[in-house]
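Letter by letter, the chains look like this.
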Amino acid sequence: MALVEAGVVVLDCAEPEQLAEFYKALLDGEETYVNANRVEITGAGGTRLAFRRDVNATPPSWPRPENSLQAHLDFVVTDLDEAERRVVSLGGRPLEAKSAPGPYEERACSDPAGHSFTLRKVPAPAPKQG
């Protein structure tokens, strides 16, 4: 029997209830645990996240070094444009401008509390060689 049953990524923030709502909507998830200082959710694909109240939380300033990346989440998507529109509609924001032509395989975004994450396109299966 495994000693650890499951892992949960925990993000510190000033308002865990509000941040949980953002990620519940993004991940089509549901609340699995709530108390006065913590909200946990599980996304439809099994992703488990928790949001812990820290009234002194300072959002990461990625990519600036003075308060740089503290944690980073990747979300695999099939349609980057649709996923980015969803993030923005939920109160998140893109972190990189799309100025160069051509396909983008990933996009950096942040949630409403400033935590960064990446939307990463599902890679197409490579053809068999030989």
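Report on the accompanying structure. On a predicted model such as this, the values are computed, not experimentally measured, just so you know.

### Describing the side chain of Asp111
If you trace the backbone, Asp111 turns up in the loop between β7 (106–110) and β8 (116–121). Among buried Asp, Glu, Lys and Arg side chains, Asp111 stands out as unpaired, with Arg93 the closest opposite charge at 8.4 Å. Of note is the side chain of Asp111, whose polar atom sits 2.8 Å from the side chain of Tyr23. A distance of 2.9 Å separates the side chain of Asp111 from the backbone nitrogen of Gly114, its partner in a polar contact. Those residues in contact with Asp111 that sit more than four places away from it in its chain are Leu11, Leu19, Phe22, Tyr23, Gly92 and Phe117.

### Overview of the nonpolar core
Counting 21 residues, the largest nonpolar core has Tyr23, Ile41, Leu49, Phe51, Phe75, Phe117 and Leu119 as the members making the most contacts within it. Mapped by element, the contributors of at least two residues to this core are β1 (9–13), α1 (16–27), β3 (38–42), β4 (48–53), β5 (73–77), α2 (80–89) and β8. With sequence-adjacent residues up to four places away left out, Ile41 is seen in contact with Ala20, Tyr23, Lys24, Leu27, Glu30, Glu31, Thr32, Thr47, Arg48, Leu49 and Phe51.

### With respect to the packing of aromatic side chains
Two aromatic rings are characterised by how far apart their centres lie and by the angle between their planes. Inspection of every chain in the model, using the stated rule, returns six aromatic pairs. Consider the rings of Phe22 and Tyr23, whose centres lie 4.9 Å apart with planes at 90°: the pair is edge-to-face. For the pair Phe22 and Tyr23, one class covers both residues: buried. Residues Tyr23 and Phe117 carry aromatic rings whose centres are separated by 6.2 Å and whose planes lie at 65° to one another, so their mutual orientation is edge-to-face.

### Quick look at the environment of Gly46
Within the secondary structure, Gly46 is located in the loop between β3 and β4. Gly46 sits in the partly exposed class, given a relative accessible area of 44%. Spatially, the C-alpha atoms of Gly46 and Leu27 are 9.2 Å apart, while their sequence positions differ by 19 residues.

### Quick word on the sheet that holds β8
An order of β5-β8-β7-β6 is seen for the four strands of this open sheet, with the pairing classed as mixed. Every interior strand has two partners, whereas the edge strands, β5 and β6 (93–94), have only one. Sheet topology places β6 next to β7; two bridges connect them, and they run antiparallel. Directly across from Pro94, in β7, lies its bridge partner Cys109.

### Here we look at α2
For α2, the set of buried residues is Leu80, Ala83, Glu84 and Val87. Considered in projection along α2, the buried side chains sweep an arc of 100° and stay on one side of the axis. Along α2, the residues that are exposed and aim more than 90 degrees away from the buried face are Arg85 and Ser89. For α2, the elements touching its buried residues are α1, β5, β6, β7 and β8. The N-capping residue of α2, defined by a side-chain oxygen 3.1 Å from the backbone nitrogen of Asp81, is Asp79.

### Comments concerning the sheet that holds strand β2 (residues 30–35)
In spatial order, the strands read β1-β4-β3-β2; together these four strands make up an open sheet with mixed pairing. Only two strands of the sheet have a single partner each, and these edge strands are β1 and β2. Strand-to-strand, the axes of this sheet are offset by a mean angle of 20°, without reference to chain direction. When β1 meets β4, the two strands line up parallel, connected through five bridges. Bridge pairing links Leu11 to Phe51 in β4. Strands in contact with α1 are β1, β2, β3 and β4; relative to β4, the strand with the most contacts, it is inclined by about 165°.

Conventions used here
- Residues numbered from 1 in each chain as written.
- Predicted model: local features only at pLDDT ≥ 70, side-chain atom pairs only at ≥ 80, totals over all residues.
- Heavy atoms only, no water.
- Helix = DSSP H or I, 4+ residues; strand = E, 2+ residues; numbered from the N terminus.
- Buried < 20%, exposed > 50% of the residue type's maximum accessible area, 1.4 Å probe, protein only.
- Lys, Arg positive; Asp, Glu negative; His and termini not counted.
- Salt bridge = Lys/Arg side-chain N within 4 Å of Asp/Glu carboxyl O.
- Polar contact = N/O pair within 3.5 Å; in protein donor to acceptor, adjacent residues only side chain to side chain.
- Contact = heavy atoms within 4.5 Å.
- Core = buried A, V, L, I, M, F, W, Y, C linked by side-chain atoms within 4.5 Å.
- Phe/Tyr/Trp six-rings, centres within 6.5 Å; stacked < 30°, edge-to-face > 60°.
- Pairing = 2+ DSSP bridges.
- Arc of directions from axis to C-beta.
- Axes fitted to C-alpha atoms, helices over the stretch in contact; angles between N-to-C directions.

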